[in-house]
Amino acid sequence: MFRAPRGTQDLLPEEAPYWRRVEEVIHQVCRRYGYRLIATPTFEETSLFVRGVGQGTDIVEKEMYSFEDKGGESLTLRPEATAPVVRAYLEHGMHALPQPVKLYSIISIFRYERPQAGRLREAHQLNVEALGEMDPALDAEVLCLALDLYRELGLSGLSLQLNSTGCPRCRPAYIQELKRYYLGHLGQICSDCQLRYGKNPLRLLDCKVDRCQPILAGAPNIRSHLCPECAGHFVQLLKYLDLLGLPYTINPRLVRGLDYYTKTVCEVWAPGIGAQNAVGGGGRYDGLARELGGRPTPGIGIAMGIERIVMTMKSQSIAVRPEEPPRVFLAYLGQPAKEAALRLSATLRAAGLSAICSFGDRSLKAQLKQAGNSGAAYAVILGEEELKRGLVTLRDMARSQQVSVEIEGLPDRLRPTEAGNV
Ligand code: HAM
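Parameters and conventions
Every chain's residues receive numbers from 1 upward, in the order its sequence appears when written. A pLDDT threshold of at least 70 governs which residues receive local features in this predicted model, and a stricter bar of 80 or more applies before side-chain atom pairs are shown or counted, although totals over entire chains, interfaces and linings include all residues. With hydrogens and water excluded, all non-hydrogen atoms of the structure serve as input to the side-chain values. A run of H or I in DSSP counts as a helix once it spans at least four residues, and a run of E counts as a strand once it spans at least two, with each numbered from the N terminus. Atoms counted for the radius of gyration: C-alpha only. Globule rule: 2.2 Å times the number of residues to the power 0.38. The buried label applies to any residue whose accessible area, calculated with a 1.4 Å probe on protein chains only, is under 20% of its type's maximum; exposed applies above 50%, and partly exposed to all values in between. It only takes one pair of heavy atoms within 4.5 Å for two residues to be counted as in contact. The method behind every accessible area is Shrake-Rupley, applied with a 1.4 Å probe, and residues are considered shielded solely by the protein chains displayed. Cysteine sulfur pairs qualify as disulfides if the two atoms are within 2.5 Å. A pair of strands is treated as paired once DSSP finds two or more bridges between them. Lines fitted to C-alpha atoms define the axes here, with helix axes fitted over just the stretch in contact, and angles between the N-to-C directions of these axes take values from 0 to 180 degrees. Planes of paired rings set the category: under 30 degrees apart is stacked, over 60 is edge-to-face and the rest tilted, where pairs are Phe, Tyr or Trp rings (Trp by its six-membered ring) whose centres lie within 6.5 Å. Geometrically, a lysine NZ or arginine CZ counts as sitting over a ring once it is within 6 Å of the ring centre and also within 35 degrees of the ring normal. The criterion for a residue being near a molecule or strand is simple. One of its heavy atoms has to lie within 4 Å of it. We define a polar contact as two N or O atoms separated by no more than 3.5 Å, with the added condition that, inside protein, one atom must be a possible hydrogen donor and the other a possible acceptor, whereas residues neighbouring each other in sequence contribute only through side-chain atom pairs. We call Asp, Glu, Lys and Arg charged. Ala, Val, Leu, Ile, Met, Phe, Trp, Tyr, Cys and Pro are nonpolar, and the rest, Gly among them, are polar.

As for the overall build of the chain
From N to C terminus, the chain includes 15 helices and 16 strands. Computed over the C-alpha atoms, the radius of gyration of the chain is 28 Å, more than 25% above the 22 Å expected from 2.2 N^0.38 for a compact globule of 422 residues. Expressed along its principal axes, the backbone C-alpha trace of the chain runs to roughly 95 × 50 × 45 Å. Each of the 422 residues in the chain was classed as buried or not, and the buried ones make up 49%. Restricting to contacts in the chain with at least 6 residues of sequence separation, those with at least 24 account for 69%. By element, 52% of the accessible surface of the chain is carried by carbon and sulfur atoms, the whole surface being about 20,800 Å².

Right under this line is the structure:
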């Protein structure tokens, strides 16, 4: 028997109320902040991610689902949404719009990762991006949006982690300093860190292996190496966050797995969902548009993992509204009544009512059992004799009461009212 591919999962109807709630809140909150919906293709040219996310990153080196299409072009299932959104901004000349341009999308991302709780090969994100503005007040607004969203969903105990990883002007000197420091400790660090030392030294900072911790504790702090512009940006951001009353933790070891970040980087951590506890992550990427061959355009954004948000909601026992049951279930006896039931179900739906119809030729008892299981408030029973007089039986499922009513007036009669309908 086939199974869903490793690291992917089916969204089953029982889970749907959580997703529906998350999506509802996403649209509400994004609208409140002036974000507009954008959807980019599921796949892009491979080089968009190689240049955007960065050649030396785990995503590009190990995790991309890349393939050659029948025309010989190398394409990649998007492992993230920021590079595609910047590509779309440049392609559609959005610099001509009032800036910043604020865009959000709900998307799936694809990464060939080692699956574990909260880490999937196909995951879903809310991605928000604000392009065309340098002001740190915009960084603060993006963070505020993210925290509003989590709060609106009822999540608690979250922690906003913040850092600045500088810019191409100040970061290289810091990296040199970091490497100089690690040079004296190369024999003591883990094998991954030995690789990081050569390939992606900033990632030395987020090693979780025990034996690296004492060395990390003495590592130089990036904040004391920021250029005046980056340092000023960070100080202003903290000021705006204080002004908005948003609590944060400055984490000098926070670095991100994508190369495009400049200045602000952030993550939001949630308690109780295990090692993969980042429910969101993002930052500023002022050099990305230029890296992609476009006009220099600053940007800031954050993406939030929907599966991890749902996991956190469950671990915090946050209740969600169950799916609404149908208003009415149509049962029938005999072929002419079945045809009338099909017509009636169309009429009821056209009147905006949710109606589900029986199929096959089950006994009335079996059909009423189905009606009960469906959670419908009412069953309408169509019988041949009654129909000849324009009548059907309307049964209030909760009260087990039934009356004979005219088929004509049914849509009005079934519309919810304060007093009930039978
Ligand atoms: P990211 O940190 O790679 O950033 O992903 C953002 C969030 O997506 C994570 O915090 C996590 O909640 C969720 N996520 C990522 N990968 C997985 C996975 N394999 N399984 C489950 N959830 C996952 C980005 O993607 C950047 N594009 C964010 C950004 C937007 N930066 C600027 N703008």
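Examining the state of the cysteines
The final tally for this structure, using the stated rule, is 0 disulfides. Here Cys170 stays unpaired: no disulfide links it, and the sulfur of Cys227, its closest cysteine neighbor, is 3.7 Å away. Sulfur of Cys266: no disulfide; nearest cysteine sulfur belongs to Cys144 and is 13 Å away.

Observations regarding the sheet that holds strand β9 (residues 262–269)
Read from one edge to the other, the open sheet built from 8 strands follows the order β1-β5-β6-β11-β10-β9-β7-β8, with strand pairing classed as mixed. What marks the edges here is a single partner per strand, and that holds for β1 (36–37) and β8 (249–250). In this structure, strand β6 (residues 122–131) lies alongside strand β11 (residues 299–305), joined through 7 bridges in antiparallel fashion. Residue pairing across strands places Gln125 opposite Gly305, the latter belonging to β11. Helix α4 (residues 82–91) contacts β5 (101–110) and β6 of the sheet and is inclined by roughly 40 degrees relative to β6.

Remarks on the packing of aromatic side chains
Aromatic rings considered in pairs are described by the distance between their centres and by the relative angle of their planes. Summed over all chains, the structure comprises 5 aromatic pairs. Arranged with centres 4.8 Å apart and planes meeting at 65 degrees, the rings of Tyr260 and Tyr261 form a pair that is edge-to-face. Residues Tyr260 and Tyr261 agree in their burial class; the two are buried. With a centroid separation of 5.8 Å and an interplanar angle of 70 degrees, the aromatic rings of Tyr260 and Tyr285 are classed as edge-to-face. Highlighted residues: Tyr260 in the loop between β8 and β9 and Tyr285 in the loop between β10 (278–284) and α10 (288–291), separated in sequence by 25 residues. Taken individually, Tyr260 and Tyr285 each receive the classification buried, so the pair is uniform in this respect. Seen from the ring of Tyr112, Arg121 lies directly overhead, with NZ or CZ sitting 4.0 Å from the centre. The positively charged end of Lys314 is found above the aromatic ring belonging to Tyr18, 5.2 Å away from the centroid.

Details of the site of the ligand
Taken together, 28 residues form the shell around the ligand, and within it Glu80, Glu113, Leu120, Tyr261 and Ala278 come nearest. Take Gly280: an N or O atom from its main chain is 3.4 Å from an oxygen atom of the ligand. Take Arg308: an N or O atom from its side chain is 3.5 Å from a nitrogen atom of the ligand. Surface burial for the ligand is 96%, taken as the share of its 660 Å² of free accessible area covered by protein chains. Within the residue set of the shell around the ligand, elements represented by two or more residues are β6, β10 and β11. Per-element tally for the shell around the ligand: the top contributor is β10, with 6 residues. Taken together, the residues of the shell around the ligand break down into 11 nonpolar, 10 polar and 7 charged.

Some points on the environment of Tyr182
Turning to its location among the elements, Tyr182 is positioned in helix α6 (residues 171–183). You can call Tyr182 buried: its relative accessible area is 0%. Separated by 115 residues in the primary sequence, Tyr182 and Thr297 place their C-alpha atoms 35 Å from one another. Once you skip the residues sitting within four places of it in the chain, Tyr182 turns out to touch Ile189, Tyr197, Leu204, Ile215, Leu216 and Ala219.

Quick word on the sheet that holds strand β3 (residues 65–68)
Judged by pairing direction, the sheet is antiparallel, and its 3 strands sit side by side in the order β2-β4-β3 without closing on themselves. The two strands at the open ends of the sheet, each matched to only one other strand, are β2 (43–45) and β3. For this sheet, the mean angle separating the axes of adjacent strands, direction not counted, is 35 degrees.

Function cannot be inferred from these measures alone, as they are strictly geometric.
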